[in-house]
Amino acid sequence: QIYGWSKSHNDYGLSYTKGYNLSLKESPIYSEVYFGDDHKVYVGVPSVFPIIGAIFYKIFDGSIISTRLPHVLFDLIMFYAMFVFAISMFKSAQRNYILLFLCSPMVFLFSTHPDPNTAFLGLSILSYHCFINFLFTKKRKWLFSQAIFFLLAFNVSYFAISILPGMVFQLWLNNSFD
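Residues take numbers from 1 onward in each chain, read along the sequence in its written order. In keeping with the predicted nature of the model, local features appear solely for residues at pLDDT of at least 70, side-chain atom pairs appear and are counted solely at 80 or more, and the whole-chain, interface and lining totals rest on all residues. With hydrogens and water excluded, all non-hydrogen atoms of the structure serve as input to the side-chain values.

A. Expanded view of the overall build of the chain. Counting its regular elements, the chain contains nine helices and three strands. Helix and strand labels come from DSSP, where a helix needs a run of H or I of at least four residues and a strand needs a run of E of at least two; each type is numbered from the N terminus. Its helices and strands in sequence order give the chain the pattern α-α-β-β-β-α-α-α-α-α-α-α, from N to C terminus. Evaluated residue by residue, the chain yields a buried proportion of 40% over its 178 residues. Throughout, a residue-residue contact means that at least one pair of heavy atoms, one from each residue, lies within 4.5 Å. Residue pairs in contact within the chain that sit at least 24 positions apart in sequence constitute 54% of those at least 6 positions apart. Carbon and sulfur atoms provide 69% of the accessible area of the chain, an area that totals close to 10600 Å². Burial here depends on accessible area, computed with a 1.4 Å probe over protein chains only, as a share of the maximum for the residue type. Under 20% is buried, over 50% is exposed, and the range in between is partly exposed. The Shrake-Rupley method, run with a 1.4 Å probe sphere, supplies the accessible areas, and residue values consider only the shown protein chains as cover.

Following this line, the structure appears as C-alpha cells:
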C-alpha cells in the first residue's frame with residue numbers, strides 16, 4: 001500500500017494528489033472515500049510518510065526498496081530519540097536498562113515493520129524531550145524545536161496528539177503555566 005501511495009504521489013504529482021494517499025479503486029483498502037473515478041483515498045495515515053516515500057521513489061527510480069528507505073530513516077530517528085532521552089533523563093542503572101531495551105530483538109523486529117509508528121514514536125520522544133529542556137532552561141529555541149518535532153510527528157501519525165496531555169500535566173507539576 002505504501003509503495004502504491006508513494007508511486008501515486010510521484011506519478012501524478014502533488015498538484016493532482018493534493019497530498020491524499022491515492023490507491024486504485026480496486027485496491028483492498030478500507031476506505032469509501034473516492035478521488036475521481038479511479039482512486040480511493042486512504043485517510044488513516046497522514047500524507048507526509050508517503051510523500052517522503054515518493055521522494056525516495058523518485059531518487060531510486062521506482063525501486064520497491066525505495067519504499068523501505070523512509071522506514072530505515074525513521075527507525076534511525078527513533079533510536080536516536082530514545083538514546084538521547086535515556087542519556088539525558090535517567091540515572092546510570094535506568095539508562096543501562098533503556099539502552100539494553102533499545103538493542104532487544106523486539107525493538108529491532110518492530111522497527112522493520114512498514115508503518116509510520118516508529119516515525120511517530122521517535123518524533124514524539126524528540127518533541128517531549130525538547131519540551132522538558134524548555135521547562136528547565138526557559139530558552140525559546142527548545143520550544144520552537146518542540147513545536148517543529150510535534151508538527152512532524154502529527155503529520156506522520158495523528159496519534160501524536162496523545163503526548164499533549166502529558167505536556168499539560170508536566171506544566172502543572174512544574175507550576176509553569178506562566
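Still to come is the rest of the account.
B. Representation of the side chain of His129 in the model. Its location among the elements puts His129 in helix α7 (residues 117-137). We classify His129 as buried; its relative accessible area is 8%. Those residues in contact with His129 that sit more than four places away from it in its chain are Val84, Phe85, Ser88 and Met89.

C. The arrangement of the pairing of strand β3 (residues 39-42) in detail. A pair of strands is considered paired only if DSSP assigns at least 2 bridges between the two. Relative to β3, strand β2 (residues 34-35) is paired through two bridges, and the arrangement is antiparallel. From the neighbouring strand, Tyr34 faces β3, where its bridge partner is Lys40. Counted along the chain from β2 to the antiparallel partner β3, the turn is three residues long, and its residue Gly36 has a positive phi close to 70°.

D. Here's a closer look at the packing of helix α1 (residues 2-12) against helix α3 (residues 48-59). At a closest axis distance of 8 Å, the pairing of α1 and α3 adopts a crossing angle of 70°. Between α1 and α3, the angle falls in the class roughly perpendicular. Crossing hand, α1 versus α3: right-handed. Mapping the contact onto sequence places Ile2, Tyr3, Trp5, Ser6, Lys7, His9, Asn10 and Asp11 in α1 and Phe49, Pro50, Ile51, Gly53, Ala54, Tyr57 and Lys58 in α3. Each residue receives one of three labels: charged for Asp, Glu, Lys and Arg, nonpolar for Ala, Val, Leu, Ile, Met, Phe, Trp, Tyr, Cys and Pro, and polar for the others, Gly being one of them. Each residue belonging to the contact of α1 with α3 can be placed in one class, and the counts come to eight nonpolar, four polar and three charged. Only C-alpha atoms enter the line fits that serve as axes; for helices the fit covers just the stretch in contact. Angles between N-to-C directions range over 0 to 180 degrees. In these notes the angle categories are as follows: under 35 degrees is roughly parallel, over 145 is roughly antiparallel, 65 to 115 is roughly perpendicular, and the rest is oblique. Crossing handedness is read from the near helix: turned anticlockwise from the far helix by less than a right angle, it gives a left-handed crossing, and turned clockwise, a right-handed one.

E. View of a nonpolar patch on the surface. Taken together, Ile55, Ile59 and Phe60 make up a surface patch of nonpolar side chains, about 300 Å² in accessible area. Structurally, Ile55 can be placed in helix α3. Every patch collects residues that have over 30% relative accessible area and no salt bridge, joining them within 9 Å if they carry like charges and within 5 Å if they are nonpolar side chains (Val, Leu, Ile, Met, Phe, Trp, Tyr). Any Lys or Arg side-chain nitrogen located within 4 Å of an Asp or Glu carboxyl oxygen qualifies as a salt bridge.

F. Broad picture of the packing of aromatic side chains. Aromatic rings from Phe, Tyr and Trp, with only the six-membered ring used for Trp, were paired whenever their centres fell within 6.5 Å, and each pair was classed as stacked if the ring planes differed by under 30 degrees, edge-to-face if by over 60, and tilted otherwise. If you walk through the whole model with that rule in mind, you get four aromatic pairs. An angle of 0° between the planes, with centres 6.5 Å apart, marks the rings of Phe56 and Phe60 as stacked. For Phe60, a relative accessible area of 40% corresponds to the partly exposed category. Ring plane angle 20° and centroid distance 6.3 Å describe the contact between Phe150 and Phe154, whose orientation is recorded as stacked. Note that Phe150 and Phe154 are positioned in helix α8 (residues 140-156) at a spacing of four residues, about one turn of the helix. The exposure class of Phe150 is buried, given its relative accessible area of 14%.

G. Representation of the environment of Tyr128 in the model. Here Tyr128 is to be found in helix α7. Put simply, Tyr128 and Ile163 are 35 residues apart on the chain and 7.6 Å apart in space, counted from C-alpha to C-alpha. Beyond its immediate stretch of four places on either side in the chain, Tyr128 contacts Phe85, Gly166, Met167 and Gln170.

H. Geometry of the environment of Asp75. Examined against the element boundaries, Asp75 turns out to sit in helix α4 (residues 65-89). Under the relative-accessibility criterion, Asp75 is labelled buried at 10%. Along the primary structure Asp75 and Thr118 are separated by 43 residues, whereas in three dimensions their C-alpha atoms are 5.9 Å apart.

Just geometry here; none of it tells us what the structure is for.
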